[in-house]
Protein chains: 2
Amino acid sequence: MSTRRATISDVAREAGVSPSTASVVFSGKTPTSEATRARVLAAADALGYTGPDPRAASLRRGRSGIVGVVFDTHLGTAFLDPVTTHMMDGLADGVSRLGAALLLLRDDGETVSEPSLHTAPIDAAVLIGCSPRMRDSLEIVRGRGIPVVVVEGDAGEGVPQVLLDNAEAQRAAAQHVADLGHRDVVIVTLPIDTSRRRGWVTADEPVRVDVTADRLAGAREVFPRAPVLAAATSSIDEGAIAGRTIFGDPSRRPTAVIAQSDLLAAGVIRAAEEAGLRVPHDVSVTGFDGVVVDGLAPHVLTTLVQPATAKGRAAGEAVAAMLEDDEPSGLDLTCTFRVGTTTAPPPTT
Amino acid sequence: MSTRRATISDVAREAGVSPSTASVVFSGKTPTSEATRARVLAAADALGYTGPDPRAASLRRGRSGIVGVVFDTHLGTAFLDPVTTHMMDGLADGVSRLGAALLLLRDDGETVSEPSLHTAPIDAAVLIGCSPRMRDSLEIVRGRGIPVVVVEGDAGEGVPQVLLDNAEAQRAAAQHVADLGHRDVVIVTLPIDTSRRRGWVTADEPVRVDVTADRLAGAREVFPRAPVLAAATSSIDEGAIAGRTIFGDPSRRPTAVIAQSDLLAAGVIRAAEEAGLRVPHDVSVTGFDGVVVDGLAPHVLTTLVQPATAKGRAAGEAVAAMLEDDEPSGLDLTCTFRVGTTTAPPPTT
DNA sequence: TTGTATGCGTTATCAA
DNA sequence: TTGATAACGCATACAA
């Protein structure tokens, strides 16, 4: 039992070949004779050598095989959203042709823990989200000369982005609601800024989160005067809170609610039912995302199905392309409008 | 614009100091005079040097600052379970004193993508889950001489584990149900093996997943003859499917259902209500996990609150300890029984 | 407080 | 098909 781990040189010596030959046996980059190959492998086995040290290899190669995924929230929170988990799914897929693994990174601007964005051994980065803070993260990464892709954020100059047609999609859904005859509509939005304040939003209030702003703009094209209620986060319980606010006063109940996410919509539906309203008979509800909301059955949400997995995959592929010096193709993805069982004409009073 | 990125030597030369001095300025390991420090920083700025190359640093140090988290399922699937997300949360916390980031690794035995378990530049690994396949992953990692912690899996000899008192906790909950007077009970389990087959389980059928087996054993201590129904996964919809099976035949309805997860329990409750049964008046339901089930309100599940975040944190801390050559303290965590509003005495017929 | 010297473990290049 | 050589970029022990 030697005290230190065997290196490829040890293996080479044991096998009676040069280190470079031993290296080649492991990398397979150059043909080797079956005999030497066997000898090297045997030597490795004897010495308990399990393969090249990835740290040394990545120094030499200039590549670590790791792609950083940067969030601006607590990781637990991020993964509570099915859209995020599906996106991670696609991302894992998209980078798989690189054979890269994903490194979870959180940049909240505060924590000075390492490895941070500044020091992580990543070949590329994917920034998730759209908070203003992402701009800083972006600068850090670009400063390091690391290729980066932004998913649904305002990246600016020359950064490949994966975007959704949020405004247009939401407009289409709102139009569907209008076409059904609804005039009395409330819009429930995702958080409007990083403070995550909950409550009614006045018309002139700035909306700092891109996704929220875009979807809101789309809905307002159809319903310019609809009251807007911001949720603190995207969850069923938040949607229920919003719903109780909306349906609390029977004299001012809308006939339809446009929610900016499926989770919010599910909560709104729950609140409506609590208030004795039937969906869609008494009130119509639309969502956004097209995720499977566990527990929503038997309702099928009228919603905009966003290609969450594809979004991740596109980001992954963009990253892969950049690392292979291909064109860093950004991508505009489109949502599909799906009519479910939660929208109908307004009740005939 | 030079064609290659500046190194610390370039910075040192520019600043008129030695490389080691420049290095020290960045690492802060040795005091430097304010003057040289400023000069080095200025030089770095001028050259666009953003800090030491992590690949080189980690080779030199023998540390990458990365902890691998190994799953045996599709990552998207894993993150769909709140227990997992909470655990990741705690894990991120637990390793934070190391200042380590988390690398997502999937080992399904098939994919040959790199970096895999074999080649990822990780300082330590955390194995999540308990499938038989984990044994292989364990061998790979140990072969590399990398410290590893197993969370709720059967690790065997000398591997620190983070365990839950699954059997005892489930026994306690079952006893509570028995104490309420229930005799007619059905147990709904998590998947019993990797095939994830759904359906009734015969008494002699082997249960290959540790968690499932342990919880089942605990319940059977109290209800040795209770019928057992396996779910294909842990979700509300799966629970509803199980619930429909259970309540489908009015002549054979149990008065209580012991579910092995909160998500399953929520689904069972939903199915019960669909069948016109009131919870807990007509049927009692218990869960396991103590997670917040989005959308379950107003019910409060009678369940076993497992310290999911603590579980992750414990794993993280165990890893941290091992890397600091402390005792690799494994940990046995205990669940807390919580009486909610979903259990009551059986209906008096 | 700063500088010198050395090697961490690999792999790419090129010549044999 | 194999081997010699030379980096990759840095951090540390030690001397000054």
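Our structure's up above, just so we're on the same page.
These figures come from a predicted structure and were not determined experimentally. (Residues numbered from 1 in each chain as written. Chains lettered and ligands numbered in written order. Predicted model: local features only at pLDDT ≥ 70, side-chain atom pairs only at ≥ 80, totals over all residues. Heavy atoms only, no water.)

### So, the overall build of chain A
The number of helices and strands found in chain A is 12 helices and 13 strands. Rg of the C-alpha trace for chain A: 26 Å, well past the compact-globule value of 20 Å for 349 residues, more than 25% over. Projected onto its principal axes, the C-alpha positions of chain A cover 90 × 40 × 35 Å. Counting only residues that meet the buried cut, chain A has 54% of its 349 residues in that class. The contacts of chain A with a sequence gap of at least 6 include a subset with a gap of at least 24, amounting to 71%. Accessible area of chain A: about 14900 Å², with a carbon and sulfur share of 52%. (Helix = DSSP H or I, 4+ residues; strand = E, 2+ residues; numbered from the N terminus. Rg over C-alpha atoms; globule rule 2.2 N^0.38 Å. Buried < 20%, exposed > 50% of the residue type's maximum accessible area, 1.4 Å probe, protein only. Contact = heavy atoms within 4.5 Å. Areas by Shrake-Rupley, 256 points an atom, 1.4 Å probe, with all protein chains shown as cover.)

### Section: the protein's contact with DNA strand C
If you check the shell around DNA strand C, you find 23 residues, and the closest are Ile8(A), Tyr49(A), Arg60(A), Ser20(B) and Thr21(B). Considering the 4 Å shell around the protein, atoms of DNA strand C inside it are sugar or phosphate in 64% of instances. A distance of 2.6 Å separates a phosphate oxygen of DNA strand C from a polar atom in the backbone of Ile8(A). A distance of 2.7 Å separates a phosphate oxygen of DNA strand C from a polar side-chain atom of Tyr49(A). Elements with a contribution of two residues or more to the surface near DNA strand C: helix H1 (8–15), helix H2 (19–27) and helix H4 (54–61) of chain A together with helix H2 (19–27) and helix H4 (54–61) of chain B. (Near = heavy atom within 4 Å. Polar contact = N/O pair within 3.5 Å; in protein donor to acceptor, adjacent residues only side chain to side chain.)

### Observations regarding the protein's contact with DNA strand D
Neighbouring DNA strand D are 22 residues; Thr21(A), Thr36(A), Ile8(B), Tyr49(B) and Arg60(B) lie closest to it. The sugar-phosphate portion of DNA strand D accounts for 66% of its atoms within 4 Å of the protein, the bases making up the rest. One nitrogen or oxygen atom from the side chain of Ser23(B) is found 2.9 Å from a phosphate oxygen belonging to DNA strand D. If you list the elements that add at least two residues to the surface near DNA strand D, you get H2 and H4 of chain A together with H2 and H4 of chain B. Broken down by element, the surface near DNA strand D gets its largest block of residues, 3 residues, from H4(B). Tallied by class, residues from the surface near DNA strand D come to 8 nonpolar, 10 polar and 4 charged. (Nonpolar A, V, L, I, M, F, W, Y, C, P; charged D, E, K, R; others polar.)

### Topic: empty space enclosed by the protein
All names here are of chain B. Counted under the stated rule, the structure contains 3 cavities of 30 Å³ or more. Empty space within the largest cavity amounts to approximately 50 Å³. Around the largest cavity, the lining residues are Leu127, Gly129, Met134, Arg135, Leu138, Val150, Gly153, Asp154 and Ala155. Per element, the largest residue contribution to the lining of the largest cavity is 3 residues, and it comes from helix H7 (residues 134–143). Along the lines of polarity and charge, the residues of the lining of the largest cavity split into 5 nonpolar, 2 polar and 2 charged. (1 Å grid on protein atoms, 1.4 Å probe; cavity = no way out; pocket = protein on both sides within 12 Å on 5 of 7 lines; lining within 4 Å. Points joined across faces, edges and corners; volume = space filled by probe spheres on them.)

### Focus: the sheet that holds strand E3 (residues 124–128) of chain A
The pairing of strands in a sheet happens through backbone hydrogen bonds and is either parallel or antiparallel. With mixed pairing, 12 strands are arranged side by side in an open sheet as E12(A)-E5(A)-E4(A)-E3(A)-E1(A)-E2(A)-E2(B)-E1(B)-E3(B)-E4(B)-E5(B)-E12(B). The sheet is open, and its two edges are formed by strand E12 (331–333) of chain A together with strand E12 (331–333) of chain B, each paired on a single side. Taking the axes of each pair of neighbouring strands and ignoring which way they run, one obtains an average angle of 20 degrees across the sheet. H7(B) contacts strand E1 (66–71), strand E3 (124–128) and strand E4 (148–151) of chain B of the sheet and is inclined by roughly 175 degrees relative to E3(B). (Pairing = 2+ DSSP bridges. Axes fitted to C-alpha atoms, helices over the stretch in contact; angles between N-to-C directions.)

### Overview of the interface of chain A and chain B
Contacts between the two partners involve 48 residues from chain A, matched on the other side by 49 residues from chain B. Roughly 3900 Å² of surface becomes buried between chain A and chain B when both sides are summed, with 58% attributable to carbon and sulfur atoms. Counting the contacts that link chain A with chain B gives 2 salt bridges. Here Arg55(B) and Asp123(A) are joined by a salt bridge, their closest N and O atoms 3.6 Å apart. Mapped by element, the contributors of at least two residues to the side of chain A that touches chain B are H4, helix H5 (75–79), helix H6 (82–94), strand E2 (101–106) and helix H10 (236–247) of chain A. For the side of chain A that touches chain B, a count of residues per class yields 23 nonpolar, 15 polar and 10 charged. Relative to strand E2 (residues 101–106) of chain B, E2(A) is paired through 3 bridges, and the arrangement is antiparallel. Looking at E2(B), one finds that Leu103(A) is bridged to Leu103(B). (Buried area = accessible area lost by both parts, 1.4 Å probe. Salt bridge = Lys/Arg side-chain N within 4 Å of Asp/Glu carboxyl O.)

### Topic: the environment of Glu317(A)
All names here are of chain A. Mapping Glu317 onto the fold places it in helix H12 (residues 308–323). A relative accessible area of 38% places Glu317 in the partly exposed class. A C-alpha to C-alpha distance of 6.0 Å links Glu317 and Val95, two positions 222 residues apart in sequence. Excluding residues that lie within four positions of it along the chain, Glu317 makes contacts with Gly94 and Arg97.

### With respect to unusual backbone geometry
Peptide bonds are, in most cases, trans, and in most cases residues other than glycine have a negative phi. Residue and element names in this part refer to chain A. Residue Pro280 is reached from Val279 by a cis peptide bond, and omega for that bond is 10 degrees. Relative to the elements of secondary structure, Pro280 occurs in the loop between helix H11 (262–274) and strand E10 (284–286). Even without a glycine there, the phi angle at Asp289 is positive, about 130 degrees. Residue placement: Asp289 occurs in the loop between E10 and strand E11 (303–305).

### Thoughts on the nonpolar core
Across soluble globular proteins, you tend to see nonpolar side chains buried next to one another. By size, the foremost hydrophobic cluster in this structure holds 64 residues, and its most contacted members are Phe71(A), Met88(A), Leu104(A), Phe71(B), Met88(B) and Leu104(B). The contact partners of Leu104(A), leaving out residues within four places of it in the chain, are Val69(A), Phe71(A), Leu75(A), Phe79(A), Met88(A), Met88(B), Ala101(B), Leu102(B) and Leu104(B). Among the nonpolar cores identified, the runner-up in size contains 36 residues, and Leu117(A), Leu138(A), Ala101(B) and Ile122(B) belong to it. (Core = buried A, V, L, I, M, F, W, Y, C linked by side-chain atoms within 4.5 Å.)

### A closer look at the pattern of salt bridges
In total, this model carries 26 salt bridges over all chains according to the counting rule given. A cluster of three or more residues bridged by salt bridges with shared partners is formed by Asp53(A), Arg55(A) and Asp123(B).

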